Amino acid sequence: MLTKGIDIRASRTHNVGLFATEELPTGTVIWLPCTKCSRWSKEEVADLPAARFQALDTYGHLLTDGSLLLPCLGAYLMNHSCEANVLDLGLDFGLAVRDIAPGEEITCDYATFVEDGGWSMECHCRSPRCRGRVTTEQGGDPDIKRTWLERIEAALPGVAAVEQPLQDILKELSEPYRRILGGKTDLQQVSTGASVCAPSFVTR
Ligand SMILES: [Zn+2]
Ligand SMILES: [Zn+2]
């Protein structure tokens, strides 16, 4: 489920993308997997025709347990940036790691999709820090990993401080969110180890 204040518009980096229609401050939960998202079990994934799997995997996430998740409400249209403003390592939701202004595109880092092994793409994100080619192997790069974790750590105190339009569903579905509400702000304490993109990133 996607938070409010987000619209689908034409994107400079891809056909379409997600754009903020209002200020989304650091710490805002941008999306989380919910019961309206589509899911295929590992067994169902194995039975999908190759072309169908490829189409679903383009927009969905392969998870640690081999299942496939296709986020609902357009959340699957989030494009990549090498300086993403939404990250989720060690969390089971996508977190705004900096203030996102109205009109800005909302992006995540596809190199965090560590379960989609061997995947890569040419990047046109226009970031000064663009890696040129984005690969899932970059998720193993210590410098890139450290940058992601530092950005998430810095944003975590904002989670309990900002207005969270998704708070009810987060309380119900997200153990990391409940831990944050319980006063935890350190990623090692907040993380359950389960994440939609990089499940084994944070070891406790
Ligand atoms: Zn959903
Ligand atoms: Zn890039």
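Note that the structure is a prediction, hence the values are computed from the model and not measured. (Residues numbered from 1 in each chain as written. Chains lettered and ligands numbered in written order. Predicted model: local features only at pLDDT ≥ 70, side-chain atom pairs only at ≥ 80, totals over all residues. Heavy atoms only, no water.)

**Regarding the coordination of the zinc ion (ligand 2)**
1) Next: On the protein side, the zinc ion (ligand 2) has Cys82 (SG), Cys123 (SG), Cys125 (SG) and Cys130 (SG) as donor atoms, found 2.3 to 2.4 Å from it.
2) Next: Of note is the zinc ion (ligand 2), whose four donor atoms meet at the metal with angles of 105 to 114° in an arrangement that counts as tetrahedral.
3) Next: Along the chain, the residues that donate to the zinc ion (ligand 2) are spaced as C-x40-C-x1-C-x4-C.
4) Next: Exposure remark for Cys125: the relative accessible area of 12% places this residue in the buried category. (Donors = N, O, S within 2.8 Å, 3.2 Å for Na, K, Ca; no water. Tetrahedral: all angles 85-135°; square planar, octahedral: opposite > 155°, others 65-115°. Buried < 20%, exposed > 50% of the residue type's maximum accessible area, 1.4 Å probe, protein only.)

**Quick word on the domain arrangement of the protein**
1) Next: When the domains of the protein are assigned, the result is domain 1 (6-32 + 78-190) and domain 2 (38-71).
2) Next: Computed from C-alpha coordinates alone, the two centres of domain 1 and domain 2 are separated by 21 Å.
3) Next: Each side of the interface is counted separately: domain 1 has four residues, and domain 2 has seven residues.
4) Next: Summing the contributions of domain 1 and of domain 2, the shared interface buries around 500 Å²; its carbon and sulfur component is 58%.
5) Next: At the junction of domain 1 and domain 2, the tally comes to zero residue pairs in polar contact (both at pLDDT 80 or more).
6) Next: Residue composition of the side of domain 1 that touches domain 2, grouped by class: two nonpolar, no polar and two charged. (Domains from an automatic or database assignment. Contact = heavy atoms within 4.5 Å. Buried area = accessible area lost by both parts, 1.4 Å probe. Polar contact = N/O pair within 3.5 Å; in protein donor to acceptor, adjacent residues only side chain to side chain. Nonpolar A, V, L, I, M, F, W, Y, C, P; charged D, E, K, R; others polar.)

**Some words on the nonpolar core**
For soluble globular proteins, nonpolar side chains are generally found buried alongside one another.
1) Next: Ile30, Phe93, Ile106, Ile152 and Leu156 are the most contacted members of the largest nonpolar core, which has 50 residues in total.
2) Next: Among the elements that take part in this core, helix H3 (residues 142-161) stands out by supplying six residues, more than any other.
3) Next: With residues up to four places along the chain from it excluded, the contact list for Ile30 reads Met1, Leu2, Thr3, Ile6, Leu24, Met78, Val86, Gly94, Leu95, Ala96, Ile106 and Leu166.
4) Next: Val45, Leu56, Leu62 and Leu68 belong to the second-largest nonpolar core, a separate cluster that totals seven residues. (Core = buried A, V, L, I, M, F, W, Y, C linked by side-chain atoms within 4.5 Å. Helix = DSSP H or I, 4+ residues; strand = E, 2+ residues; numbered from the N terminus.)

**Considering the coordination of the zinc ion (ligand 1)**
1) Next: In this structure, Cys34 (SG), Cys37 (SG) and Cys72 (SG) serve as the protein donors to the zinc ion (ligand 1), at separations of 2.2 to 2.3 Å.
2) Next: Mapping the donors of the zinc ion (ligand 1) onto the primary sequence gives the spacing C-x2-C-x34-C. For the pair Cys34 and Cys37, one class covers both residues: buried.

**Concerning the layout of surface pockets**
1) Next: The calculated volume of the largest pocket comes to roughly 680 Å³.
2) Next: Around the largest pocket, the lining comprises 35 residues; the ones closest to its centre are Thr58, Met78, Tyr110, Trp119 and Met121.
3) Next: Within the residue set of the lining of the largest pocket, elements represented by two or more residues are helix H2 (50-59), strand S7 (79-80), strand S8 (86-87) and strand S11 (120-122).
4) Next: Sorting elements by how many residues they give to the lining of the largest pocket places H2 first, with four residues.
5) Next: When the residues that make up the lining of the largest pocket are grouped by side-chain class, the tally is 18 nonpolar, twelve polar and five charged.
6) Next: Counting contributing residues per domain, the lining of the largest pocket is built from domain 1 (6-32 + 78-190) and domain 2 (38-71), each supplying no fewer than three.
7) Next: A volume near 250 Å³ is recorded for the second largest pocket. (1 Å grid on protein atoms, 1.4 Å probe; cavity = no way out; pocket = protein on both sides within 12 Å on 5 of 7 lines; lining within 4 Å. Points joined across faces, edges and corners; volume = space filled by probe spheres on them.)

**Notes on the pattern of salt bridges**
Any two side chains of opposite charge can pair if their charged atoms end up close together.
1) Next: What the rule picks out here adds up to ten salt bridges.
2) Next: The shortest N-O distance in the salt bridge between Arg179 and Glu175 comes to 3.0 Å. On the criterion of helical spacing, the pair formed by Arg179 and Glu175 is a turn pair, its members being four residues apart in helix H5 (residues 175-181).
3) Next: In the salt-bridge network here, residues are joined through shared partners; they are Asp143, Arg146 and Glu150. (Salt bridge = Lys/Arg side-chain N within 4 Å of Asp/Glu carboxyl O.)

**Looking at the pairing of strand S1 (residues 6-10)**
1) Next: When S1 meets strand S2 (residues 16-20), the two strands line up antiparallel, connected through five bridges. From the neighbouring strand, Ile8 faces S2, where its bridge partner is Leu18.
2) Next: Two successive antiparallel strands, S1 and S2, enclose a turn made up of five residues. (Pairing = 2+ DSSP bridges.)

**Notes on the side chain of Ser127**
1) Next: Topologically, Ser127 is positioned in the loop between S11 and strand S12 (133-135).
2) Next: A distance of 2.7 Å separates a polar atom in the side chain of Ser127 from a polar atom in the side chain of Glu83.
3) Next: For Ser127, the contacting residues outside a window of four places in its chain are Ser81 and Glu83.

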